[in-house]
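Chain and residue survey
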Amino acid sequence: MSPKTPNTSGSKSQADLIYEAQMRVKSRFAIGVAISWIVMLMLLVFLFSSTNIALGSFTLKTIHLDKAFIQENIAFIASGVEVTIGISALSILLATFLALLAALGRLSKFPPIYAISTFYVSLIRGTPLYLQIFFFFLALPQVGIILPGLWAGVLALGLNYGAYMSEIFRAALSSVGKGQREAALAIGMTPGQTMRRIVIPQALRFAIPPTSNEFIAMLKDSALVSATGFVHELMWRATKVGRAQFHNLEALIVAAVFYWIMTLVFSYFQNLLETRMSRGER
Amino acid sequence: MKKLFTIISLIIVATLVLTACGGVPKAKDLLTEIQNRGTIVVSTDPNYEPQSFLNTKGKRPADTKCPSDTLTTAEMQGFDVDAAVEIGKRLGVETCFATPSWDLVTAGSWADKWDISLGSMTIKPARAKVLYFTVPYYYYDAVVAVKNDAGITSLDELSGKALCVATATTYEDWLNGVLDLPTEDILAQPPANVTVVPLDTDQECAQAINVGRTDFVGYVTASTVVAANLAQGFPIVQIGGPVYRERLAVAIDKSASLPTDTLLAELNSIITTMHADGTLAQFSIQWFGVDLTQEPK
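For clarity, every value in this text was computed on a predicted model and none was experimentally measured. (Residues numbered from 1 in each chain as written. Chains lettered and ligands numbered in written order. Predicted model: local features only at pLDDT ≥ 70, side-chain atom pairs only at ≥ 80, totals over all residues. Heavy atoms only, no water.)

1. Notes on the pattern of salt bridges
All names here are of chain B.
- Applying the stated criterion across every chain yields a total of 19 salt bridges over all chains.
- Of the charged contacts, one joins aspartate 29 and lysine 28 as a salt bridge, the two residues approaching to 4.0 Å between their closest N and O atoms.
- Close ionic contact of arginine 37 with aspartate 115 constitutes a salt bridge, the shortest N to O distance being 3.0 Å. Of this pair, arginine 37 sits in helix 2 (residues 30-37) while aspartate 115 sits in the loop between helix 4 (102-106) and strand 7 (116-122); the two residues are 78 residues apart in sequence, bridging distant segments of the chain. (Salt bridge = Lys/Arg side-chain N within 4 Å of Asp/Glu carboxyl O. Helix = DSSP H or I, 4+ residues; strand = E, 2+ residues; numbered from the N terminus.)

2. Remarks on the interface of chain B and chain A
- Taken together, the contact pairs 37 residues of chain B with 36 residues of chain A.
- Summed over the shared surface of chain B and chain A, the number is four salt bridges.
- With a shortest N-O distance of 3.4 Å, Asp200(B) and Arg243(A) are connected by a salt bridge.
- Applying the counting rule to chain B against chain A returns 11 residue pairs in polar contact (both at pLDDT 80 or more).
- Secondary structure elements with two or more residues in the side of chain B that touches chain A: helix 1 (2-21), strand 2 (47-48), strand 3 (52-54), helix 7 (202-210) and helix 8 (223-231) of chain B.
- Per-element tally for the side of chain B that touches chain A: the top contributor is helix 1 of chain B, with six residues.
- Residue composition of the side of chain B that touches chain A, grouped by class: 18 nonpolar, 10 polar and nine charged. (Contact = heavy atoms within 4.5 Å. Polar contact = N/O pair within 3.5 Å; in protein donor to acceptor, adjacent residues only side chain to side chain. Nonpolar A, V, L, I, M, F, W, Y, C, P; charged D, E, K, R; others polar.)

3. Thoughts on the sheet that holds strand 10 (residues 195-199) of chain B
Residue and element names in this part refer to chain B.
- Spatial strand order, 4-6-1-7-12-8-11-9-10: nine strands in an open sheet with mixed pairing. The strands lining the two open edges of the sheet, one partner per strand, are strand 4 (71-72) and strand 10.
- Where strand 4 lies against strand 6 (residues 94-98), two bridges are found, and the strand directions are antiparallel. Residue pairing for strand 6: leucine 71 is matched across the bridge by phenylalanine 97.
- Together, strand 7, strand 8 (131-147) and strand 12 (236-253) form the strand contacts of helix 9 (residues 261-276), whose direction differs from that of strand 8 by roughly 60 degrees. (Pairing = 2+ DSSP bridges. Axes fitted to C-alpha atoms, helices over the stretch in contact; angles between N-to-C directions.)

And the structure:
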């Protein structure tokens, strides 16, 4: 046996071998998942391929889609994507702002503010979003506020998601240890400074991943805004061309594909964001 | 924190109040307002080919005066659309299309979101409580269509069956036995004990039958819709003749914030002229293949 020498070249150390074996398991798993995804995607496409396969006396039927209609109208439906993203982005901004206010209100020791916050969350979470969208469209004009359809939709979505997100923010704020607040107060910070400089920056790390999750949910809930008929987003375009030309199914499937692609893209960004936010963890 | 919260709340309230009070000074009536604006906002339901449907190839012109949540004439097509564009021309203004859902239009209280409805609306007393109607601009019949292999050949055989209608339409009223049209326009009584299935539009009824759903045997709709469904190759058949006549007119909201009498008079005179000079008849032949603008005898 040769004397033990540092392993600079040639044969690998035991640690390297174990590490490589673990990596192989990992990449084999990833490849397996990717293949399964592709198989499922192909099965899904096959389901809509309108082919009929005869197996003896039994025929396997798949769903028929009119390809000419899809080609004809895909560009028109697709032009709703930017409206959908626009509504969702504006609504999530409003929702974030309201959620932060409601969460801070929830931590307040002053009864009316605590009450406003809990009342808002209870009222909004206690009624359907679909109903709220019609409420802002129909009720506000009676007091002289005539918002364009888009803004009525943003207001409804923002208020609704704000109520749900306030719970996320509240949990994030209370996840910052009591010691942090006490320490900040001890070195002479005012409660406002403590909030701004100590609590909120740390709370954001917990709040951002679920907030981006809410954004992805909102991308799809924005479809409800089409109900009043004034916001020409993805769902509105799909239902209108589908109905008038008797191809609802094709039009809705085109919309579904776009919603899915949007979700995939935003989930990817969410993953990047989460990885970045978790870098601070030890 | 308390102070911040109060300040922000005050800002929100102030913004809402200012939005409420803002806006340009109002004209003396809706007609003048439309002329000053240079646009007339017409509500129509783009769910129906050939009455009103989207022109998916159309591009919004850059110089349009239409509000951002309305569609321009380039983005729409159909009989109702051509009639609305022509009315706009004769008023000397650009026509813009708002696309609220049908039940919001028939309910009135439009909150000035659009000026007139030109969407094949049947004149009926219940609607006339909340809307003003012009003279009719065309006419068609309500008919019943069923799945072609349902084995049903007359209205009587429909008793006890389920029928589909669009919600907030005269078809729904007829099936429920509460249709309040002049008696000379009602040509048949609804079958007894039918189950009414109200969907968003008539098109859902036709498509449900086409894809093989069996929740109802048929649907009640306009003869023009049945013709369009048949042209599409749907497995349906019309049973019996017309069940009632529909007189379709332009409507104006009674609760509009400006006086509407001058606009109504102007629209009546424009529609009468469009009947007399053959413009409406020409649109009708172009879109339906027949002239539906003559008053039925």
